[in-house]
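Listed below are the residues making up each chain.
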Amino acid sequence: MIPQDSFHPPDSPFELAAERLIVALDVPAADAALEIAGKLEDQCRWFKVGLELYIAAGPAIVEKLAARGHSVFLDLKLHDIPNTVAAAIRSASSLGAKMLTVHAAGGPAMLYAAQEAASAMASQPQLLAVTVLTSMDLAQLAATGVSASPQEQVALLANLGLEAGIHGFVCSPQEAAALRTLTGPEGVLVTPGIRPSGSEKGDQLRIATPTYALDQGASYLVVGRPITQAADPALAAEAILLEIAEALAIAPTE
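Every residue gets a number counted from 1 within its own chain, in the order that chain's sequence is written. Predicted model: local features are reported for residues with pLDDT of at least 70 only, side-chain atom pairs are reported and counted for 80 or more only, and whole-chain, interface and lining totals are derived from all residues. Calculation of side-chain values draws on the structure's entire complement of heavy atoms; hydrogens and water are dropped beforehand.

### A look at the packing of helix 5 (residues 82-94) against helix 6 (residues 108-119)
- Between N-to-C directions, angles cover 0 to 180 degrees, with each direction set by a line fitted to C-alpha atoms, over the stretch in contact for helices. Each helix is a run of DSSP H or I of at least 4 residues and each strand a run of E of at least 2, with the numbering of both proceeding from the N terminus. Two elements in contact, helix 5 and helix 6, have axes whose closest approach is 8 Å; the angle formed by their N-to-C orientations is 25°. When the interaxial angle is binned, helix 5 and helix 6 end up roughly parallel. Handedness of the helix 5/helix 6 crossing: right-handed. Counted together, Pro82, Val85, Ala86, Ile89 and Arg90 of helix 5 and Ala109, Met110, Ala113, Ala114, Ala117 and Ala118 of helix 6 form the full contact between these two elements.
- Split by residue class, the contact of helix 5 with helix 6 holds 10 nonpolar, no polar and one charged. Between 65 and 115 degrees an angle is taken as roughly perpendicular, under 35 as roughly parallel, over 145 as roughly antiparallel, and anywhere else as oblique. Two helices crossing with the near one rotated counterclockwise from the far one by less than a right angle form a left-handed crossing, whereas a clockwise rotation gives a right-handed crossing. The contact criterion used throughout is that any non-hydrogen atoms of two residues lie within 4.5 Å. Each residue is assigned to one of three groups, with Ala, Val, Leu, Ile, Met, Phe, Trp, Tyr, Cys and Pro labelled nonpolar, Asp, Glu, Lys and Arg labelled charged, and all others, Gly among them, labelled polar.

### Concerning the sheet that holds strand 5 (residues 126-130)
- Two strands pair if DSSP finds at least two bridges between them. The eight strands lie next to each other as 1-2-3-4-5-6-7-8, forming a closed barrel whose pairing is parallel. Averaged over neighbouring strand pairs, the angle between their axes works out to 25° when direction is ignored.
- Pairing of strand 1 (residues 21-24) with strand 8 (residues 220-223), which is carried by three bridges, proceeds in the parallel orientation. Pairing of Leu21 across the sheet is with Leu221, part of strand 8.

### Brief notes about the nonpolar core
- Core analysis: the biggest nonpolar cluster contains 70 residues, and Leu21, Leu40, Ile61, Ile89, Val102 and Ile227 have the highest contact counts within it.
- Here this core takes nine residues from helix 12 (residues 233-250), the largest share from any one element.
- Non-local contacts of Ile227, meaning those with residues more than four positions away in its chain, are made with Leu21, Val23, Leu40, Pro233, Ala236, Ala237 and Ile240.
- The next biggest cluster of nonpolar side chains, apart from the first, holds 12 residues, and it includes Trp46, Val190, Tyr220 and Val222. The set of buried Ala, Val, Leu, Ile, Met, Phe, Trp, Tyr and Cys residues whose side-chain atoms join them within 4.5 Å is what this entry labels a nonpolar core. Residue burial is assigned from relative accessible area. The probe radius is 1.4 Å, only protein chains are included, and a residue is buried under 20% of its type maximum, exposed over 50%, and partly exposed in between.

### A closer look at unusual backbone geometry
- Although it is not a glycine, Lys77 sits at a positive phi angle of roughly 50°.
- Relative to the assigned elements, Lys77 resides in strand 3 (residues 71-78).

### Some words on helix 9 (residues 173-183)
- Buried residues of helix 9: Pro173, Glu175, Ala176, Leu179, Arg180 and Thr183, and no others. Angular distribution of buried residues about the axis of helix 9 spans 150°; they occupy a single face of the element. In helix 9, those exposed residues whose orientation departs by more than 90 degrees from the buried face are Ala178 and Thr181.
- A positive phi of about 75° marks Gly184, the residue just after helix 9. Read the arc as the range of directions from the helix axis to the C-beta atoms.

### Digging into the environment of Thr134
- Turning to its location among the elements, Thr134 is positioned in the loop between strand 5 and helix 7 (138-143).
- Thr134 gets classed as buried once you look at its relative accessible area, which sits at 7%.
- Separated by 36 residues in sequence, Thr134 and Val170 place their C-alpha atoms 9.4 Å apart.

### Regarding the pairing of strand 4 (residues 99-103)
- Most of strand 4 is tucked away: five of the five residues are buried.
- Here strand 4 shows a buried face lined by Met99, Thr101 and His103 and a second buried face lined by Leu100 and Val102.
- Summarising the sheet, strand 3 and strand 4 pair through three bridges and their orientation is parallel. Residue pairing across strands places Leu74 opposite Leu100, the latter belonging to strand 4.
- By definition, the crossover connecting two strands over a helix is right-handed if that path, from the first strand to the second, turns clockwise as seen with the strands pointing away from the viewer. Note that the unit made of strand 3, helix 5 and strand 4 has a crossover that is right-handed.
- Bridge count for strand 4 against strand 5 is five bridges, and the pairing is parallel. The partner of Val102 across the bridge, within strand 5, is Ala129.
- One crossover worth recording links strand 4 to the parallel strand 5 by way of helix 6, and it is right-handed.

Here it is as structure tokens:
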């Protein structure tokens, strides 16, 4: 466990690192998710609830994590007609989620409706538009009828989000620099596909180390299996936090 004492003063790179790391609770049951969160609660503040856990455990898992004082990133990639997405945004916000995802491929009308719904909430969540999934490369996009490269498609979808008033995005580390240029310093960029050196690649094709992602302009780094499937999740999280802290000490990013 990381000591909570004067060794890490407030706003030190280590404390800032804890604000940047999001642990993905990609597990099939609430008990397993809460057990992992319990092991990491002295180190990690943000936890991601995705489709697997949300479908298995329901909205209550978001409420339970929030009640423990954790910040919850609810990653459901909402993609439906505008009215349905707006209603889902309101429902998800009421659970206590601080970040929510919509899929930018839903189009301008859906993105406008989502942003309008989020802006009207008393505790306004950070809305994130998903551009291109990190599991998709040029061949995967082409198979869906998209002739653009992942980088080109990310830029197109990001501009749709910006025009709708959304300044938060999910992107791979490889597109973070281009998106940072589009959004400016106020943009919130969340990057999955983060792997410490030497770890398994998994099913994500566009991956990077924490240091590289931060250097490219990422705001938050999402790490799942390298922490949650480690023999000692707390030790694995500590190693990643130290890498983030070292990168921030050298060149802090927005």
